[in-house]
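Chain by chain, the residues run as shown.
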Amino acid sequence: MKTNVKLIIKNVKLTIKTVLIAVITCVFQGITFAQEEKELSTLLEISGSVDVYYRSNLNASNNAGQGAPAPTSSFANLPGFSLGMANLIVSKSGEKAGFAADIVLGPRGNDAVFGSTEGSSPIVNQLYAYWDVSRSTTLTMGNFNTFLGYEVISPTGNYHYSTSYMFSYGPFSHTGVKADFTFRDFSLMTAIMNTTDATEFSPDGRYLGGIQLGYKEAFLNFLFDDNFFQADLTAGKDLSDKFYLGVNATTASGNFHGGALYLQNSFSDDFSLGLRGEYFSDEGAAALGFDTTGDGDANAFAKNVIDLTLSANYSVGDLTFIPELRVDMYNEDVVMSATRESLQSSISSFVLAAVYSF
């Protein structure tokens, strides 16, 4: 009998020991998993893009020594095989706060940050930190791309590779503080910012106000101070599973006004066609000036232009090819012809771009 009792006690002790070891092992495994999960959640996010292109005039010279005219909108205006930009974005999204550092290199990047001065800032496209005050309220401070307009700096955010006149002569970026509020399908943004495109600091003691009112995919934007006012409307809607319509209209006091339609049709997951039709009127921005003498200075100016751009998007994984035909029709004969014997009122051009995003 004593032997049986001892054996039972021994088995009970062994069972308790086994259970304790199993429990301790599970606890340590849980702690290790939680630590690994926390470490993963604190990793930085890296994204960006690289883009290159080929551009050729169809009815004007492509010799840079003779001016090689191009539409006076931003980007995609160099002749031959040309570089766009390398874009690297490092960001972190925490539980309540985060940041983004957006660096650009190359001709497109240089044009995008033209308002920067000397030092490291000429490569800074965006640099900001934000605080999620609540589920519906976010405060952001730093340098961020503009909230006006349909198009953006990065080619990954645009359907067409070349850009519109309204985007080109509107603001590119702002430095200041903004507050974003969301109410179901409605949104509101308010901001106080330095002079437009002054990236690093306020150079003149001037500040602008910004307001954005949004409902679903439609946004009404305002930029203003005592001497300037710009109103801008952007909207987009999927009319069917394959067809999309976008709209942009803007007016900037003493500078310009215009409107554009964006039509896109998807034929498959990898291939689509899109058309941009834009009207742009210059009211003092000197946006439509051309060099007709070859001395490097604009000496012929138009007052308005109609831009028709037909583009295709063909994707191979993360790489997108964008062949593009564009015709810019001006109200004056301001473009030197290919023979350099006369002026003409239009530029026809072809662009083939390759954009890789990661």
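Only a predicted model underlies this, so the values are computations on that prediction, with no experimental measurement involved.

Chemist: Please clarify how the overall build of the protein chain should be interpreted in this entry.
Modeler: Helix and strand counts for the protein chain come out as 3 helices and 20 strands. For the protein chain, with 358 residues in total, the buried portion stands at 40%. Restricting to contacts in the protein chain with at least 6 residues of sequence separation, those with at least 24 account for 55%. When the accessible surface of the protein chain is summed, it comes to about 19,300 Å², and 62% of that surface belongs to carbon and sulfur atoms.

Chemist: I tried to follow the pairing of strand β11 (residues 243-252) on my own but got confused; where do I start?
Modeler: Looking along a regular strand, one sees the side chains alternate between the two faces of the sheet. For strand β10 (residues 228-238) and β11, the ladder comprises 9 bridges, and the chain directions are antiparallel. Within β11, the position partnered with Ala235 by the bridge is Val247. The turn joining β10 and β11, which pair antiparallel and follow one another in sequence, is formed by 4 residues. From the end of β11 to the start of strand β12 (residues 256-266), which pair antiparallel, there are 3 residues, and Gly254 there has a positive phi angle of about 70°.

Chemist: Which parts of the structure should I look at to understand the pattern of salt bridges?
Modeler: It is possible for side chains bearing opposite charge to pair when their charged atoms get close. Summed over all chains, the structure comprises 5 salt bridges. Of the charged contacts in the structure, one is a salt bridge between Glu151 and Arg276, with a shortest N-O distance of 3.0 Å. Here Arg276 lies in strand β13 (residues 271-282) and Glu151 lies in the loop between β5 (137-145) and α3 (165-169), a separation of 125 residues in the sequence. As far as the burial class goes, Glu151 and Arg276 line up, both buried. In this structure, the salt-bridge partner of Arg276 is Asp307, at a minimum N-O distance of 3.1 Å. Taken as a pair, Arg276 in strand β13 and Asp307 in strand β16 (residues 304-316) lie far apart in primary sequence, 31 residues in all.

Chemist: Honestly, the side chain of Asn143 in this entry has me stumped. Any pointers?
Modeler: Topologically, Asn143 is positioned in strand β5. Note on Asn143: relative accessible area 4%, which makes it buried. A polar atom in the side chain of Asn143 sits 3.0 Å from the backbone oxygen of His174. Within the structure, the side chain of Asn143 is placed 3.0 Å from the side chain of Thr175, a separation counted as a polar contact. With sequence-adjacent residues up to four places away left out, Asn143 is seen in contact with Val124, Asn125, Gln126, Leu127, Tyr128, Ser173, His174, Thr175 and Thr199.

Chemist: Teacher, can you tell me more about the packing of aromatic side chains here?
Modeler: Two aromatic rings, taken as a pair, are described by how far apart their centres are and by the angle between their planes. The final tally for this structure, using the stated rule, is 14 aromatic pairs. Summarising the aromatic geometry, the rings of Phe290 and Tyr330 are spaced 5.1 Å apart at their centres and angled 75° between planes, so their arrangement reads as edge-to-face. Taken as a pair, Phe290 in strand β14 (residues 289-290) and Tyr330 in strand β17 (residues 319-330) lie far apart in primary sequence, 40 residues in all. The exposure class of Phe290 is buried, given its relative accessible area of 5%. Taken together, Phe75, Phe114, Phe167 and Phe172 form an aromatic cluster joined through their ring pairs. Lying across the ring of Tyr161, Arg108 places its NZ or CZ 5.1 Å from the centre.

Chemist: What's the story with the nonpolar core in this structure? I'm lost.
Modeler: Note on soluble globular proteins: their nonpolar side chains tend to be buried together. Among the nonpolar cores identified, the biggest contains 26 residues, and Phe280, Leu288, Tyr330 and Val334 are the most heavily contacted of them. Those elements giving two or more residues to this core turn out to be α3, β7 (186-193) and β12. Listed in part, the 8 residues of the second largest apolar core include Phe75, Val104, Ile153 and Phe167.

Chemist: Sorry, what's going on with the environment of Phe229 here?
Modeler: Structurally, the position occupied by Phe229 is in strand β10. Given a relative accessible area of 40%, Phe229 falls into the partly exposed group. Once you skip the residues sitting within four places of it in the chain, Phe229 turns out to touch Phe222, Leu223, Phe224, Thr251, Ala252 and Ser253.

Chemist: I keep staring at the pairing of strand β4 (residues 124-134) and nothing clicks. Help me out?
Modeler: Bridge count for strand β3 (residues 97-105) against β4 is 7 bridges, and the pairing is antiparallel. Paired with Gly98 across the strands is Tyr130, a residue of β4. In this structure, β4 lies alongside β5, joined through 7 bridges in antiparallel fashion. Among the inter-strand pairings, Tyr128 is bridged to a residue of β5, identified as Gly142.

Chemist: What exactly am I supposed to notice about unusual backbone geometry here?
Modeler: The phi angle of most residues is negative, glycine excepted, and most peptide bonds adopt the trans form. Residues other than glycine seldom take positive phi values, yet Arg184 does so here, at roughly 55°. Considering the arrangement of structural elements, one finds Arg184 in the loop between β6 (173-183) and β7. Classification of Arg184 by relative accessible area gives exposed; the value is 89%. Even without being glycine, Arg340 reaches a positive phi, approximately 60°.

Chemist: What is the right way to look at the environment of Phe172 in this model?
Modeler: Note that Phe172 resides in the loop between α3 and β6. Judged by relative accessible area, Phe172 falls into the buried class, the value being 3%. Separated by 28 residues in sequence, Phe172 and Phe144 place their C-alpha atoms 8.9 Å apart. Setting aside residues up to four positions removed in sequence, Phe172 forms contacts with Ser74, Phe75, Asp111, Ala112, Phe114, Asn145, Thr146, Ile153, Phe167 and Asp197.

How each quantity is defined
- Residues numbered from 1 in each chain as written.
- Predicted model: local features only at pLDDT ≥ 70, side-chain atom pairs only at ≥ 80, totals over all residues.
- Heavy atoms only, no water.
- Helix = DSSP H or I, 4+ residues; strand = E, 2+ residues; numbered from the N terminus.
- Buried < 20%, exposed > 50% of the residue type's maximum accessible area, 1.4 Å probe, protein only.
- Contact = heavy atoms within 4.5 Å.
- Areas by Shrake-Rupley, 256 points an atom, 1.4 Å probe, with all protein chains shown as cover.
- Pairing = 2+ DSSP bridges.
- Salt bridge = Lys/Arg side-chain N within 4 Å of Asp/Glu carboxyl O.
- Polar contact = N/O pair within 3.5 Å; in protein donor to acceptor, adjacent residues only side chain to side chain.
- Phe/Tyr/Trp six-rings, centres within 6.5 Å; stacked < 30°, edge-to-face > 60°.
- Lys NZ or Arg CZ within 6 Å of the ring centre and 35° of its normal.
- Core = buried A, V, L, I, M, F, W, Y, C linked by side-chain atoms within 4.5 Å.

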